[in-house]
Amino acid sequence: MKVGNKNYTTIWEDENNPGVIHVIDQRWLPHKFIIECLTSVDDVVKAIKEMHVRGAPLIGITAAYGIYLSAIEAKKNGLGINFIFESAEKIKSSRPTAKNLFWAIDEMLSILSNYQNLDKIIPFAQLISNEMADSDVEDCKNIGEHGFQIIKDIANKKSRGIESYPPTINILTHCNAGWLATVDYGTATAPIYIAHERGIKLHVWVDETRPRNQGAKLTAWELGENGIPHTVIIDNAGGHLMQKGMVDLVLVGSDRTTSSGDVANKIGTNLKALSAFDNNIPFYVALPSSTIDWDIEKGEDIPIEIRNPDEVRYVDGLNNNEIVNVLIPPETSPALNYAFDVTPSRLVTGLITERGICKANKESIADLFPDKVVKP
Ligand code: MRU
């Protein structure tokens, strides 16, 4: 997607320096656009853990490149193939909730374990990680096409009986499930970008998404760079806007979705779903199938990350051109920082995947992905 007039993806291998992986260091957005180079497993673990890169699909692709880098490191330092497996465990321990992290590493290992020689493994690891990045882009494009139909239907319905044509479709989103959370296009934002491109008038309500403010910082920035009208709202405003008829559709992403359609996403998503349900507003979740955990059926079994309480206690932002960090509660007040929550499938209108839209239930998901279902 666009940054200024230039197109970027969030992660790419240096054309002239194989083994150098470029990422956008998202900690500094929207105030600074900084590109970082990852060249070792430790760089990858740090980038995921400290959220230089974040968002389930992008975490997965970064992890895949981490396995590629581990093979290069093993060769350079005269270490055995075991280093790749040790690195896989290290990368897996960087964040617990996003399924894509585990999916990507297991995919890489299952293919690479056919080879015993690092000289063979390295080019394969390079090929597969690049292919995984490309297929993430394809998945998001397809999610965009399927999700576009939902927006188009809402626009058609809304245009009936309304004098001003075309009507504006108001979409509420939580956190950042945009191109920054994937390799390109995003999950929840892909239908939005396509609808905008095809002339549907849109406006996006962007939840600021405390404590890390991925909505205010990242979603607002990427929508702005790509010409999408939007307004940042406090996390608690969504229910009020829904009651007032100011939201036509809620569109969010997911970090892990169970085989029966319970959805883990950024903390606060569950409250939006409850309000959407109460106000009869469609609530869709956009996700590639790499986010689905085929081994877990119940949302309560999804591991939920608890992060540093200082993320709740402090807020950072721009002051006089400097990024500053300020304390909000009393110095001595403790804080608790659950990073995700689970929205039960009964509150989800549908899942938008790369293969199409399905209901958030076991049968409908299995119909779309018969090849992925784990047989009992
Ligand atoms: O903690 P983060 O920023 O890595 O959280 C991930 C997210 O941005 C969201 O939960 C998102 O909606 C799902 S990832 C497309």
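Residues numbered from 1 in each chain as written. Predicted model: local features only at pLDDT ≥ 70, side-chain atom pairs only at ≥ 80, totals over all residues. Heavy atoms only, no water.

J.: Can you help me understand helix 4 (residues 99-112) in this one?
T.: Residue pairs three or four apart in sequence face the same way in an α-helix, which turns once every 3.6 residues. Here helix 4 contains 14 residues, and its C-alpha end-to-end distance of 20 Å stays within 8% of the 20 Å for a straight helix at 1.5 Å per residue. Three or more residues of helix 4 are buried, namely Lys99, Asn100, Leu101, Phe102, Ala104, Ile105, Met108, Leu109 and Leu112. Contacts made by the buried residues of helix 4 are with helix 1 (41-49), helix 2 (56-76), helix 3 (82-92), helix 5 (118-159), strand 10 (256-258) and strand 13 (292-293). (Helix = DSSP H or I, 4+ residues; strand = E, 2+ residues; numbered from the N terminus. Expected span 1.5 Å × (residues − 1). Buried < 20%, exposed > 50% of the residue type's maximum accessible area, 1.4 Å probe, protein only. Contact = heavy atoms within 4.5 Å.)

J.: Where do I start with the site of the ligand in this structure?
T.: Taken together, 18 residues lie around the ligand, and Arg54, Asn176, Asp255, Asn265 and Lys266 are the ones closest in. Here Gln214 contributes a side-chain N or O atom positioned 2.8 Å from an oxygen atom of the ligand. Summarising the interface, the protein chains cover 100% of the accessible area of the ligand, which totals 400 Å² for the free molecule. Counting only elements with at least two residues in the shell around the ligand, the list comes to helix 2 and strand 11 (263-266). Here the shell around the ligand spans two domains, since at least three of its residues come from each of domain 1 (2-133) and domain 2 (145-368). (Near = heavy atom within 4 Å. Polar contact = N/O pair within 3.5 Å; in protein donor to acceptor, adjacent residues only side chain to side chain. Areas by Shrake-Rupley, 256 points an atom, 1.4 Å probe, with all protein chains shown as cover. Domains from an automatic or database assignment.)

J.: Before we go on, may I ask you to explain the nonpolar core in this structure?
T.: Soluble globular proteins tend to bury their nonpolar side chains together. Membership of the largest hydrophobic core comes to 43 residues, with the highest contact counts inside it found for Ile11, Ile48, Ile67, Ile91, Leu101, Ile105 and Met108. Looking at this core, the elements that each hand over two or more residues are strand 4 (21-24), helix 1, helix 2, helix 3, helix 4 and helix 5. If you tally residues by element for this core, the top one is helix 2, at 12 residues. In contact with Ile91, other than residues within four places in its own chain, are Val41, Val44, Val45, Ile48, Ala63, Gly66, Ile67, Leu101 and Ile105. Membership of the second largest hydrophobic core comes to 34 residues, among which are Leu29, Tyr193, Ile194 and Val204. (Core = buried A, V, L, I, M, F, W, Y, C linked by side-chain atoms within 4.5 Å.)

J.: What is the right way to look at the sheet that holds strand 5 (residues 35-38) in this model?
T.: Hydrogen bonds between backbone groups are what pair the strands of a sheet, and the pairing can be parallel or antiparallel. If you trace the 3 strands from one edge of the open sheet to the other, you get 3-4-5, paired in antiparallel fashion. Of all the strands in the sheet, just strand 3 (11-13) and strand 5 have a single pairing partner and so form its edges. For this sheet, the mean inter-axis angle between neighbouring strands, taken without regard to orientation, is 25°. Sheet topology places strand 3 next to strand 4; 3 bridges connect them, and they run antiparallel. Bridged to Glu13 within strand 4 is Ile21. Across the sheet, helix 2 is in contact with strand 3, strand 4 and strand 5; its angle to strand 3 comes to roughly 25°. (Pairing = 2+ DSSP bridges. Axes fitted to C-alpha atoms, helices over the stretch in contact; angles between N-to-C directions.)

J.: I tried to follow the side chain of Thr209 on my own but got confused; where do I start?
T.: By secondary structure assignment, the location of Thr209 is in the loop between strand 7 (202-207) and helix 7 (214-225). Beyond its immediate stretch of four places on either side in the chain, Thr209 contacts His174, Cys175, Gln214, Gly215, Asp235 and Lys266.

J.: What is the right way to look at the domain arrangement of the protein chain in this model?
T.: Accessible area lost upon the coming together of the parts serves often as the stated size of an interface. With domains assigned, the protein chain is organised as domain 1 (2-133) and domain 2 (145-368). Spacing between the C-alpha centres of domain 1 and domain 2 amounts to 26 Å. On the side of domain 2, 34 residues touch domain 1, which itself brings 33 residues to the contact. Here domain 1 and domain 2 share an interface that buries about 2800 Å² over both sides, 58% of which is from carbon and sulfur atoms. When residues of domain 1 are sorted by the area they lose upon contact with domain 2, Arg54, Thr97 and Lys99 head the list and together hold 22% of the total. Across the pair Glu305 and Arg95 runs a salt bridge, and its minimum N-O distance is 2.8 Å. Linking domain 1 to domain 2 there are 16 residue pairs in polar contact (both at pLDDT 80 or more). Those elements that place two or more of their residues in the side of domain 1 that touches domain 2 are strand 1 (2-3), helix 2 and helix 4. (Buried area = accessible area lost by both parts, 1.4 Å probe. Salt bridge = Lys/Arg side-chain N within 4 Å of Asp/Glu carboxyl O.)

J.: Please clarify how the packing of aromatic side chains should be interpreted in this entry.
T.: For any pair of aromatic rings, the description consists of the separation of the ring centres together with the inter-plane angle of the planes. Summed over the entire model, instances satisfying the criterion amount to 5 aromatic pairs. Aromatic rings pair up to connect Tyr8, Trp12, Phe33 and Trp221 into one cluster. For Lys32, the ring lying beneath its charged end belongs to Trp28, and the centroid distance is 5.6 Å. Taking the ring centre of Phe148 as reference, the NZ or CZ of Arg198 above it sits at 4.8 Å. (Phe/Tyr/Trp six-rings, centres within 6.5 Å; stacked < 30°, edge-to-face > 60°. Lys NZ or Arg CZ within 6 Å of the ring centre and 35° of its normal.)

J.: Which parts of the structure should I look at to understand the pattern of salt bridges?
T.: Charged atoms that come close allow side chains of opposite charge to pair. Evaluation of the coordinates by the stated rule reveals 18 salt bridges. When the shortest N-O distance is used, the salt bridge between Lys92 and Asp106 registers 2.8 Å. Placement of the pair is Lys92 in helix 3 and Asp106 in helix 4, with a sequence separation of 14 residues. The class for Lys92 is buried, based on a relative accessible area of 18%. Linking Asp248 and Lys158 is a salt bridge whose minimum nitrogen-to-oxygen distance equals 2.9 Å. One end of the pair, Asp248, is in the loop between helix 8 (238-243) and strand 9 (249-252); the other, Lys158, is in helix 5, with 90 residues separating them in the sequence. Residues joined by salt bridges that share partners form a network here, namely Arg95, Arg212, Glu305, Arg307 and Glu311.

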